[in-house]
There are 2 protein chains.
Amino acid sequence: MRTAFTELLGVPHPIVGFNRSPGVVAEVTKAGGFGVLAASAYTPGELDAQLTWIEQQVGGRPYGVDLLVPEKFAAGDPDNLVASLRAQIPEAHLAFVRDLLAKYDIPEAPAKPVHDEIAASLSRDGAMALLDVAFGHRISLIANALGTPPAGLVARAKQQGVAVAALVGQAKHARRQIDAGVDVLIAQGTEAGGHTGTIATMVLTPEIVDIAGERPVLAAGGIASGRQMAAALALGAAGVWCGSVWLCSEEDVANQALKSKFIAAGSSDTLRSPTRTGKPARQLRTAWHEEWERQGSPAPLPMPLQPMLVNEAWQRIDAAAQAGHEGALRLESFFIGQVVGSFDAVRPAAEITREMAAECERRIAELGGLL
Amino acid sequence: MRTAFTELLGVPHPIVGFNRSPGVVAEVTKAGGFGVLAASAYTPGELDAQLTWIEQQVGGRPYGVDLLVPEKFAAGDPDNLVASLRAQIPEAHLAFVRDLLAKYDIPEAPAKPVHDEIAASLSRDGAMALLDVAFGHRISLIANALGTPPAGLVARAKQQGVAVAALVGQAKHARRQIDAGVDVLIAQGTEAGGHTGTIATMVLTPEIVDIAGERPVLAAGGIASGRQMAAALALGAAGVWCGSVWLCSEEDVANQALKSKFIAAGSSDTLRSPTRTGKPARQLRTAWHEEWERQGSPAPLPMPLQPMLVNEAWQRIDAAAQAGHEGALRLESFFIGQVVGSFDAVRPAAEITREMAAECERRIAELGGLL
């Protein structure tokens, strides 16, 4: 298939595989899609190792990286950022999370230390260290998931011939991204997993396409099949940016308990909630959300305080859920879009990529038959 | 274009024009679409006159009717339904609406009397009287917007060769409608105007298509252009059920002030709110919603009490807005989907129909070029 996106990046299928698991990124890329590593959960050293491994797997094929590089950095003591942010978390919030974990009888912290990685990437030095690692590898695209990219990022990308992409949920965001020099716009509808706005993909995509001019637009949100991919192309997108569909792939790093919950879920079983990151993000609705919605529960804190408050709790819940712990299985959740209702099996990421591309081509051919 | 829907109803374009204005229904039908009159706002006598007029206009072409026929009827004294329901509205709610109208200096009631028409159609006798009128005309389709149709409606429709359609927002609703004998399913996404659920059209449509088997599925929500129509067909729909797009047509009965507000609005300017009907319905966000959301404002009542509480207020607001009254213009609103952001002019309904069909065909042909 040939679109402005496949031309720009030299890939056979206009399918982006956005995921935190290097295995998914490599498999999507090898299958003819374009893998993008969600890098914000890694330290610079880890990111370097992951990108090196991906490059060994993909044999010269292009791939990309997604970072959280904010325009404005978190307010705290720059010399002691994590500690000064931690000090801003109210005791009532800490007590609420402690009580919640106790109520569900979640075992103590696992061996793996908490990185406070989101806080780290919200400091200028932390974000720049991750950028240095990314630009030290032969990436073809860098995406920024938080607002417009800082000027330094765009200049560096242009110099190295790396395309800059950005997620947008409203027309005004798209205009700002274009002014900032972005090459690829990702129109992310409300049905998407993770941080989303309120406008649906069906409405948002053509709106962003009309603003983008010659720039390729990828549609994100609600796309996990070839039919949905064909719909995105009909809306004027040059490809699809998929996140949720890979969370049920064999290569995804999530535990089997979470994948089983995804397979059991329906398309009504998600919600937009600020209880993980401090900003509304779509995720699987579980007992976690019941607890935060209960009368008397504290209001979620802003980013980056909320992730600092709950990240260790989530490491404990994930580890316990993986071990089959009943309380943890009730709480267990992750960012996922409404397409979760269509998941019926854990499959290899390469198979998902190839089937989506083939079904899309079939569907386009069938549409021609209606005329 | 040929789809299961155009074959079933014998129309050139798989585009439904759902609207309360007989002029829109007639013009969409004459342009090759399929007009459906939203009949629940009319008395039996008015409905009879409207359908007679439509039939005079369309010259034998097929058209349909949409009613609110609930499975369960409102709880009240059956001999004195409207009065017994009115008595259930708390005084605090009446005072809130009185104060709201006073605050915005909305003039007294216009000459036109309030019908309490929703309450009337929620009584068995009221609903049956409207059904009698509809079946007394040569309608080709009857749609029911509230739950599954009563058994009597389906039997009568089958006998007269009238297709029965139903709006669904979730897979389980679709299964219930199929069990009730419905012929056409309308998958209505959260981005639609009026009563909607939370699942987006991009996710809901293929899910309903897979349940529907041979029955045609129409996609609703987020569709106001040929690109969006092509996307709906890519998702497996046999056509599109459009409501919002006609609200900015010349033939729509809404006042020019409201149409101007629609043209000025962006796709973020809607919300799902129960403040008009008692159930979450997407509408243009205005000062009306600010007032209901204010701390201390009463919670909206259930259907049918909420529309009985606010219908007269809306008649006053609409009339004053039409006359250019400043306070009324701030409150003025109506049911509309997120596509409102794409409206840039008031156009004839026939032109909208023809352009949507032509753009859809063009887009499908262009998609073929990507392969």
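In what follows, the structure referred to is the one given above.
Parameters at a glance
- Residues numbered from 1 in each chain as written.
- Chains lettered and ligands numbered in written order.
- Predicted model: local features only at pLDDT ≥ 70, side-chain atom pairs only at ≥ 80, totals over all residues.
- Heavy atoms only, no water.
- Helix = DSSP H or I, 4+ residues; strand = E, 2+ residues; numbered from the N terminus.
- Buried < 20%, exposed > 50% of the residue type's maximum accessible area, 1.4 Å probe, protein only.
- Contact = heavy atoms within 4.5 Å.
- Lys, Arg positive; Asp, Glu negative; His and termini not counted.
- Charge placed at Lys NZ, Arg CZ, Asp CG, Glu CD.
- Buried area = accessible area lost by both parts, 1.4 Å probe.
- Salt bridge = Lys/Arg side-chain N within 4 Å of Asp/Glu carboxyl O.
- Phe/Tyr/Trp six-rings, centres within 6.5 Å; stacked < 30°, edge-to-face > 60°.
- Lys NZ or Arg CZ within 6 Å of the ring centre and 35° of its normal.
- Least-squares fit on C-alpha atoms with pLDDT ≥ 70 in both.
- Core = buried A, V, L, I, M, F, W, Y, C linked by side-chain atoms within 4.5 Å.
- Disulfide = S-S within 2.5 Å.
- Expected span 1.5 Å × (residues − 1).
- Arc of directions from axis to C-beta.
- Pairing = 2+ DSSP bridges.
- Axes fitted to C-alpha atoms, helices over the stretch in contact; angles between N-to-C directions.
- Right-handed = clockwise from strand over helix to strand, strands pointing away.

Visitor: Give a description of the overall build of chain A that names residues and reports values.
Guide: Within chain A one finds 16 helices and 11 strands. Principal-axis analysis of the C-alpha atoms places the extent of chain A at approximately 60 × 45 × 40 Å. Of all 371 residues assigned to chain A, the portion counted as buried reaches 60%. A separation threshold of at least 6 residues defines the contact pool for chain A, and within that pool the share at least 24 residues apart is 66%. Mean positive and mean negative side-chain charge positions of chain A (32 and 40 charges, respectively) differ by 3 Å.

Visitor: Explain the interface of chain A and chain B to me, using residue names and the numbers behind them.
Guide: Each partner contributes residues to the interface: chain A has 39 residues there, and chain B has 39 residues. Between chain A and chain B lies a buried interface of about 3200 Å² when both sides are counted; carbon and sulfur atoms form 62% of it. Run the count over chain A and chain B and you get two salt bridges. Note that R227(A) and D210(B) form a salt bridge whose closest N and O atoms lie 3.0 Å from each other.

Visitor: Lay out the packing of aromatic side chains in plain terms, naming residues and giving numbers.
Guide: This structure, assessed with the given rule, holds 12 aromatic pairs over all chains. Seen from their ring centres, F5(B) and F34(B) are 5.9 Å apart, and the 90° between their planes marks the pair as edge-to-face. Taken together, the residues span a long stretch of sequence, with F5(B) in helix 1 (residues 4-9) and F34(B) in strand 2 (residues 34-38) at a distance of 29 residues. Across the pair, exposure class does not vary: F5(B) and F34(B) are buried alike. Ring geometry for W288(B) and W292(B): centres 5.8 Å apart, planes at 50°, overall tilted. Placement of the pair is W288(B) and W292(B) together in helix 13 (residues 287-293), with a separation of four residues, close to one helical turn. For W292(B), a relative accessible area of 7% corresponds to the buried category. Three or more aromatic residues joined by ring pairs form one cluster here, namely F96(A), W288(A), W292(A) and W314(A). A cation over an aromatic ring shows up here: R276(A) above the ring of W314(A), its NZ or CZ 3.8 Å from the ring centre. Stacked on the ring of F335(A), the Lys or Arg R276(A) has its end atom at 5.1 Å from the ring centre.

Visitor: Describe the relation of the copies chain A and chain B, listing the residues and the values that go with them.
Guide: For the pair chain A and chain B, the relating rotation is 180°, the translation along its axis is 0.0 Å, and the fit reaches an RMSD of 0.0 Å. Such a combination of turn and shift is consistent with a two-fold rotation axis. Proximity to the rotation axis, assessed at the C-alpha, singles out A231(A) in chain A; its C-alpha lies 2.0 Å from the axis. Of the interface residues in chain A, 100% have counterparts in chain B that sit at the interface too, so the contact is made through matching surfaces.

Visitor: Can you tell me about helix 2 (residues 22-30) of chain A, naming the residues and giving the values?
Guide: Residue and element names in this part refer to chain A. Counted residue by residue, helix 2 has seven buried out of nine residues, so it is predominantly covered. Buried within helix 2 we find P22, G23, V24, V25, A26, V28 and T29. Close packing links the buried residues of helix 2 with strand 1 (15-19), strand 2 (34-38), helix 3 (44-58) and helix 16 (349-368).

Visitor: Lay out the nonpolar core in plain terms, naming residues and giving numbers.
Guide: Nonpolar side chains tend toward joint burial in soluble globular proteins. Of all hydrophobic cores here, the largest spans 158 residues; its most connected members are I142(A), F262(A), I142(B) and F262(B). With near-sequence residues (within four places) excluded, F262(B) lies in contact with L247(B), C248(B), L284(B), F334(B), I336(B), V340(B) and F343(B).

Visitor: Describe unusual backbone geometry, with residues and values.
Guide: Residue and element names in this part refer to chain A. Residue P304 is reached from M303 by a cis peptide bond, and omega for that bond is 5°. Locating P304 in the fold gives a position in the loop between helix 13 (287-293) and helix 14 (305-322). Backbone geometry at D105 places phi at a positive 60°, although glycine is not the residue there. D105 gets classed as exposed once you look at its relative accessible area, which sits at 57%.

Visitor: Which residues make up the state of the cysteines, and what values do they have?
Guide: All told, the structure shown has zero disulfides over all chains when counted by the stated rule. There is no disulfide at C248(A), and the cysteine sulfur nearest it, in C242(A), is 14 Å away. For C248(A), a relative accessible area of 2% puts it in the buried group. We note that C360(B) lacks a disulfide partner, and the nearest cysteine sulfur, in C242(B), lies 10 Å from it.

Visitor: Outline helix 3 of chain A, listing residues and values.
Guide: Residues and elements named next belong to chain A. With 15 residues, helix 3 should reach 21 Å at 1.5 Å per residue; the first-to-last C-alpha distance of 21 Å fits that figure. For helix 3, every residue scored as buried is listed here: L47, Q50, L51, I54, E55 and V58. Viewed along the axis of helix 3, the buried residues span an arc of 135°, placing them on a single side of the element. Summarising the geometry of helix 3, the exposed residues directed more than 90 degrees from the buried face are G45 and Q56. Packed against the buried residues of helix 3 are helix 2, strand 2, strand 3 (64-67) and helix 7 (124-135). Once helix 3 finishes, G59 follows within two positions and takes phi at roughly 55°, a positive value.

Visitor: Residue-level account of the sheet that holds strand 10 (residues 270-273) of chain A, with values.
Guide: Residues and elements named next belong to chain A. Pairing within the open sheet is antiparallel, and its three strands lie in the order 7-11-10. At either end of the open sheet lies a strand with only one pairing partner, and these are strand 7 (194-195) and strand 10. In the sheet, strand 10 pairs with strand 11 (residues 281-284) via four bridges, with the strands oriented antiparallel. Residue S273 lies in a different strand from strand 11, and its bridge partner there is A281.

Visitor: I'd like to hear about the sheet that holds strand 5 (residues 163-168) of chain B, residue by residue, with values.
Guide: Residue and element names in this part refer to chain B. On the basis of which strands lie adjacent, the closed barrel formed by eight strands has the order 1-2-3-4-5-6-8-9 and parallel pairing. Each adjacent strand pair in this sheet contributes to an overall mean axis angle of 25°, direction not counted. Across the sheet, helix 2 (residues 22-30) lies against strand 1 (15-19) and strand 2, angled at about 165° from strand 2, the strand it touches most.

Visitor: Before we move on, could you go through the pairing of strand 6 (residues 184-188) of chain B and cite the residues and values that matter?
Guide: All names here are of chain B. Counting buried positions over the five residues of strand 6 gives five, a clear majority of the element. Across the two faces of strand 6 the burial is the same, with V184, I186 and Q188 and L185 and A187 all buried. Relative to strand 6, strand 5 runs parallel, the two being bridged by four bridges. Note that in strand 6 the partner of A166 across the bridge is L185. Where the polypeptide runs from strand 5 across helix 9 (residues 171-179) and back to strand 6, its parallel neighbour, the crossover connection is right-handed. Across four bridges, strand 6 lies against strand 8 (residues 217-220) in parallel orientation. Within strand 8, the residue paired with L185 across the bridge is V217.

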